[in-house]
Amino acid sequence: MADRPEFAENPATTDPEDTPRRGLSRRHFGYVIAGSTLMVAVELSRAETSEAAVPSPPQIASLFDLLDAQNLAAVPTSGLIAIVVNEDGTATFAIPRTEVGQGITTSTAMIIAEELDLPVERVNVTLAPARQELVFNQLTGGSSTTFTTFTPIRVAAATARTRLVNTAAAHWGVSPSTLTTKAGVISAADGRTVTYGAIAKAAASAVTLTIPVTLKARSSFGVIGTSRGRTDARDIVTGKKDFALDLHVPDALPTMVARPPTHKGVPISVANLAALRAMPGVTDVVIVSSGVAIRAKTFGQCIDAVRAVDAQWSGGAVAGASDATVLAGIRKAEIPMVVPTVPILTKTVDANFTFMFRSSAALEPNAAIADVRADSATVWAGVKAPIVAQAEIAQAVGLPISAVKVNVITGGGSFGHKLFADAAVESARISKAMGKPVKLLWHRADEPRQGRLHPMCTSRVRATVLAGQVLSFEQRHTSVKTDFGHGFGDLFSSIAAKLPTGLGNLSVAETVFQLTQEIPYNFGVVTQLLNETDQRFSTGAMRNIYSPDVRTANELVIDRLAAMSGQDPLAFRLAHLKDEEVKAVLRKVAAEGQWGRKMPAGMAQGIAIHKEYKGATAVLVEIDCRPETVNRRIRDGVGGPRLTKAVVGIDAGLVVNPTGVEAQMIGGFNDGLAMALTASCHLKDGHFLEASWDNYFYTRQWNTPPDLRVVIMDSTSDTPGGVGEAGVAASFAAVACAYARATGTMPTTFPINHNDPIAFEVKTFIPSVPESPTDGLSYTY
């Protein structure tokens, strides 16, 4: 390898194509930022957008959706993110998004490696701390990360490669077009070579330069589209990976909170503060708005002290509420159907569905570290909207935003939970009250009782049919209020003038609903409307937001319409679907899953589709509802129907990492399965009964299908769609449809076991957490 002396340093070296930064007309171009080593970014005004000068038909999401809105809001600051090529030959990129297990650090490294011609192993993708100047370009949600960052990152990487090549060409006195790049090495036709690291300093510039670039054609991709395991997989399984609680911040001791017995209750007083402070290991006890905070040398000592708290609590606004009373309030808020004028012989199908509260807790409990001082605050947490978190922390501790630093840490799952900075803000409040750094951990019992919930809701569908033709399809979705206080409201305000006609007058929730919901069938007059009520609960946008419930209601009614017309459910869907992409993925899963095969009594297949995130998903399942299966005994769990097979198909546009897509589909399927069969929170007298994973019955090994296949469709698209949430809705719907066909009864309450007798012993509300177990090994298999 010839790392020649002339590359030592020459920051003034330019190519005729590299000019001081003025407006260029090239479609893709980046700029070299002034600095001591090569740093490149994207021209912020030229990132590809979906301009919203679109008409406003009944189904807005088919023309302009939530991905378009997020992309449009991110464009003005897309040039404020940069790739750095280091002198050791590596490339570094701090992505303004949050890794919570979806694999974006791996896929982003692949995108950079592709355009930069650098091995993936030599690309280091980190998580950017909160940066207020990024405004709406640092929010991780809505399956938008790869869609919104794909082109800007490619342009930045291509700019770096072009600048390196131009610098080498100038030093060697040859045309850049005669040079080639591979694996971080630039080669000339005469055999001369230089590594990126050796030329990085020389490629830097004392002034900001614009460089036109041409991105690689899809046909020349060698990294994008290949399957790759996560870059951090080994660190995760060996325990080397750092999550929030793994960090070592000086003097940040374990901290937990004794929480109120009712949802969103508040502390009034504590009778035994002195005794609590005298308990073994306890260093501090303070009362905060969310409960009684205890700091100790170990988390075990925290738990002991939490259990000893003798407090008086206010029940809060939810005191006395139950599933039935909340549902009655939702029913009162339901808006009427408006059936259009139809012929007298028209038949009407009406269906009314109820979806109970669900916990969006991730495997990693809420956790954060905070060090708040008189003039500054530093927080470490897995937050997906760090700019919003920074502002909320500043307000909570009485500091200017500029005095607050939020370090974004990889999260152990999210499912919408980490869009909110609940633990980060609470840890800051506690640290300020104690005057010491804290390492806050929510107990698992805290999550379903005081954490974010998917709202209880109803979804009503009315369809009219004449001579086998669907003339109208109406849906009215009514829900406990969904909290979108994580930044979506401000995001929509920033692009209000570019939103489709009519959206500017809607609430944030209604806007999200209209940008995500679509009936992709030719069903005549179609309307979908949302109404929200009851603001008393701590809620959030759980994975896939409204779509799982909305789609499940739709697909169950579509099965009924198929039965009315005497058609097979698959044939009926194919006859009415609008888009060839959706039809193709539906046909694929039907073939892979052998749709229509004969099954024993009590078993059945179900099939469903979903269209969102610039793509399409279809799912086929087989379910066993025979008595011997439903009534099987499960240790410390619930039985019920068993899925025996599932085929999940997805058209996700251009796929960066098929392995990552497959993992997302498997996770999304198991979410949908849990929503259909077993996972919900029961509200009684203001108390949510579930507390931890042992009695919040998410999908378990004994009810996930032993045969689960993922099919990724070939796509001619040059851009990726959204993947993180794409598998949930169709999975939920397919399971519900299969259950209806196996039992002969269409389910109307979800999960289907919610109204069964409680299958667990309810943990105490006072104290708010159970004892630390001493017999853990007896619960292993």
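Residues numbered from 1 in each chain as written. Predicted model: local features only at pLDDT ≥ 70, side-chain atom pairs only at ≥ 80, totals over all residues. Heavy atoms only, no water.

## Regarding the overall build of the chain
We count it as follows: Numbering of helices and strands runs from the N terminus; a helix is a DSSP stretch of H or I covering at least four residues, while a strand is a stretch of E covering at least two. The quantity called the radius of gyration is restricted to C-alpha atoms. Its globule counterpart is 2.2 Å times the number of residues to the power 0.38. Note on classification: 1.4 Å probe, protein chains only; a residue is buried when its accessible area is under 20% of the maximum for its type, exposed when over 50%, partly exposed between these limits. In this analysis, two residues are considered to be in contact whenever any of their non-hydrogen atoms come within 4.5 Å of each other. Each accessible area is a Shrake-Rupley estimate made with a 1.4 Å probe; only the visible protein chains count as cover when residues are assessed. Charge counting follows a simple rule: Lys and Arg are positive, Asp and Glu are negative, and His as well as the terminal groups are ignored. For this purpose, a charge sits on NZ of Lys, CZ of Arg, CG of Asp or CD of Glu.
Counting its secondary structure elements, the chain contains 19 helices and 32 strands. Here the chain has a C-alpha radius of gyration of 28 Å; the compact-globule value for 781 residues is 28 Å, and the two agree. For the C-alpha atoms alone, the extent of the chain along its principal axes is close to 80 × 75 × 50 Å. Residue burial in the chain is summarised as follows: out of 781 residues, 60% are buried. Here the analysis covers contacts within the chain between residues at least 6 apart in sequence; of these, 79% occur between residues at least 24 apart. A total of about 29,300 Å² of accessible surface is found on the chain, and carbon and sulfur atoms cover 53% of it. If you average the places of the 72 positive and of the 73 negative side-chain charges in the chain, the two averages end up 1 Å apart.

## Considerations on the nonpolar core
Just so we agree on the cut-off: Among buried residues, the Ala, Val, Leu, Ile, Met, Phe, Trp, Tyr and Cys ones that are joined through side-chain atoms within 4.5 Å form a nonpolar core.
Counting residues in hydrophobic clusters, the biggest one holds 76 residues, and the most contacted among them are Phe473, Phe523, Leu561, Leu586 and Val621. Broken down by element, the residue count for this core peaks at 11 residues, all from helix α19 (residues 728–743). Sequence-distant contacts of valine 621, that is, excluding residues within four places in its chain, are made with Ala604, Gln605, Gly606, Leu643, Lys645, Ala646, Phe669, Ala734, Val735 and Ala738. Counting 47 residues, the second largest nonpolar core, distinct from the first, contains Ile104, Ile111, Leu116 and Ile153.

## Concerning helix α1 (residues 66–74)
Quick note on the threshold: Here a polar contact is taken to be a pair of N or O atoms separated by no more than 3.5 Å, where protein atoms must pair a possible hydrogen donor with a possible acceptor and residues adjacent in sequence count only if both atoms sit in side chains.
When you tally the buried positions in α1, you get 9 out of 9 residues, the bulk of the element. Burial in α1 covers these residues: Leu66, Leu67, Asp68, Ala69, Gln70, Asn71, Leu72, Ala73 and Ala74. Its buried side turned inward, α1 meets α3 (145–172), α12 (488–494) and α13 (508–516). Between a side-chain oxygen at the N-terminus of α1 and the backbone nitrogen of leucine 67 the separation is 3.1 Å; the capping residue is aspartate 65.

## Description of the packing of aromatic side chains
Using the following cut-off: Paired rings are identified among Phe, Tyr and Trp, the last through its six-membered ring, by centres lying within 6.5 Å, and are further divided according to the angle between planes into stacked (under 30 degrees), edge-to-face (over 60) and tilted (the rest). Geometrically, a lysine NZ or arginine CZ counts as sitting over a ring once it is within 6 Å of the ring centre and also within 35 degrees of the ring normal.
A full pass over the atoms with the stated rule returns 16 aromatic pairs. Summarising the aromatic geometry, the rings of phenylalanine 537 and phenylalanine 688 are spaced 6.3 Å apart at their centres and angled 65 degrees between planes, so their arrangement reads as edge-to-face. Taken together, the positions of phenylalanine 537 in the loop between β25 (525–533) and α14 (547–564) and phenylalanine 688 in strand β30 (residues 687–688) put the pair 151 residues apart, joining distant regions of the chain. Taking the relative accessible area as the measure of exposure, phenylalanine 688 reaches 1% and is therefore buried. Both rings, one in tryptophan 693 and one in tyrosine 698, keep their centres 6.2 Å apart while their planes meet at 85 degrees; by these two values the pair is edge-to-face. Assessed through its relative accessible area of 24%, tyrosine 698 is described here as partly exposed. Among the aromatic residues, those joined into a cluster by ring pairs are Phe484, Phe488, Phe492, Phe513 and Tyr546. The ring of tryptophan 442 has arginine 259 sitting right over it, with the charged end atom 4.0 Å from the ring centre.

## Here we look at the sheet that holds strand β32 (residues 749–750)
Rules: A strand pair is defined by DSSP finding two or more bridges across the two strands.
Read from one edge to the other, the open sheet built from 5 strands follows the order β25-β24-β23-β16-β32, with strand pairing classed as mixed. Since the sheet does not close on itself, it has two edges, and those belong to β25 and β32, each with one partner. Of the pairings in the sheet, the one linking strand β24 (residues 469–480) to β25 comprises 9 bridges and is parallel in character. Bridging across to β25, arginine 476 finds its partner in leucine 529.

## Some details on the pattern of salt bridges
Here is the rule: We define a salt bridge as a side-chain nitrogen of Lys or Arg found within 4 Å of a carboxyl oxygen belonging to Asp or Glu.
Taken as a whole and assessed by the stated rule, the structure comprises 42 salt bridges. Its salt-bridge partner being glutamate 518, residue lysine 611 comes within 3.3 Å of it at the nearest N-O pair. On the criterion of sequence distance, the pair formed by lysine 611 in strand β26 (residues 603–612) and glutamate 518 in the loop between α13 and β25 is long-range, its members being 93 residues apart. What makes lysine 611 buried here is its relative accessible area of 19%. For lysine 588, the salt bridge identified is with glutamate 592, shortest N-O distance 3.7 Å. Of this pair, lysine 588 and glutamate 592 both sit in helix α16 (residues 580–592), 4 residues apart, which is roughly one turn of the helix. With relative accessibility at 34%, the residue lysine 588 sits in the partly exposed group. Assessed through its relative accessible area of 31%, glutamate 592 is described here as partly exposed. Within this structure, Glu99, Arg230, Asp232 and Lys241 form a network of salt bridges that share partners.

## Thoughts on empty space enclosed by the protein
Any empty space left between the atoms is revealed when a probe the size of a water molecule rolls over them. Rules: Points on a 1 Å grid over protein atoms alone make up a cavity when a 1.4 Å probe fits among them but cannot get out, and a pocket when they form an open set with protein on both sides within 12 Å along at least five of seven lines; lining residues each have an atom within 4 Å of a point. Grid points are joined across faces, edges and corners, and a volume is the space filled by probe spheres set on the points. As a working rule, the residues Ala, Val, Leu, Ile, Met, Phe, Trp, Tyr, Cys and Pro are called nonpolar, Asp, Glu, Lys and Arg charged, and the rest polar, with Gly in that last group.
Following the criterion strictly, the structure yields 12 cavities of 30 Å³ or more and no others. Here the largest cavity is characterised by a volume of approximately 110 Å³. Of the residues assigned to the lining of the largest cavity, the class counts are 9 nonpolar, 3 polar and 3 charged.

## Regarding the packing of helix α15 (residues 569–576) against α16
This is how the line gets drawn: Axis definition: a line fitted to C-alpha atoms, limited for helices to the stretch in contact. Angles are taken between N-to-C directions and run from 0 to 180 degrees. Each angle receives one of four descriptions, namely roughly parallel if under 35 degrees, roughly antiparallel if over 145, roughly perpendicular if within 65 to 115, and oblique otherwise. Handedness of a crossing is defined here by the sense of rotation of the near helix relative to the far one, left-handed for an anticlockwise turn of less than a right angle and right-handed for a clockwise turn.
Contact geometry for α15 and α16: axes closest at 10 Å, N-to-C directions at 165 degrees. Between α15 and α16, the crossing angle belongs to the class labelled roughly antiparallel. Our pair here, α15 against α16, has a crossing hand that is left-handed. Between α15 and α16, the contacting residues are Leu570, Arg573 and Leu574 on the first element and Lys583, Leu586, Arg587 and Ala590 on the second.

## Examining the confidence of the model for the chain
The condition that has to hold: The predictor reports its confidence for every residue as pLDDT, a score running from 0 up to 100.
Across the chain, pLDDT averages 90, with 92% of residues at or above 70. Across residues 10–26, confidence stays below pLDDT 50; counting only partners more than four residues off in sequence or on other chains, it has 44 contacts. Considering only residues more than four positions removed or in separate chains, one finds that residues 44–57, a stretch of pLDDT under 50, has 37 contacts.

## Structural notes on the state of the cysteines
Counted only if it meets this: For this text, the term disulfide refers to a pair of cysteine sulfurs within 2.5 Å.
Applying the stated criterion across every chain, the model contains 0 disulfides. Looking at cysteine 457, it has no disulfide partner, and the nearest cysteine sulfur is the one in cysteine 681, 14 Å off. Cysteine 625 supplies the cysteine sulfur nearest to cysteine 737, a cysteine that is in no disulfide, at a spacing of 13 Å.

## Here we look at the sheet that holds β26
On the basis of which strands lie adjacent, the open sheet formed by 4 strands has the order β26-β27-β28-β31 and mixed pairing. Two strands bound the open sheet, and with one partner strand each, they are β26 and β31 (707–712). Within the sheet, the average angular offset between the axes of one strand and its neighbour, ignoring direction, is 10 degrees. Direction of pairing for strand β27 (residues 615–624) relative to strand β28 (residues 642–651): antiparallel, over a ladder of 9 bridges. Across the sheet, the residue bridging to valine 621 is alanine 646, located in β28. The strands touched by α16 within the sheet are β26, β27, β28 and β31, with β27 carrying the most contacts at an inclination of about 25 degrees. Seen against the sheet, α19 touches β26, β27 and β28 and runs at an angle of roughly 150 degrees to β26.

## Here's the deal with the side chain of threonine 464
Residue placement: threonine 464 occurs in strand β23 (residues 457–466). Classification of threonine 464 by relative accessible area gives buried; the value is 0%. Side-chain polar atoms of threonine 464 contact the side chain of serine 472, separated by 2.5 Å. Discounting chain neighbours no more than four positions away, the residues touching threonine 464 are Val339, Val342, Thr346, Lys347, Thr348, Gln469, Val470, Leu471 and Ser472.

## Quick notes on the pairing of β23
Most of β23 sits inside the fold, with 8 of its 10 residues counted as buried. One ladder, built from 9 bridges, connects strand β16 (residues 347–355) with β23; its direction is antiparallel. If you follow alanine 351 over to β23, its bridge partner there is valine 461. The pairing of β23 with β24 spans 10 bridges and is antiparallel. Note on β24: the bridge partner recorded for threonine 458 is threonine 478. Counting the residues between successive antiparallel strands, the hairpin from β23 to β24 contains 2 residues, one of them, alanine 467, with a positive phi of roughly 55 degrees.

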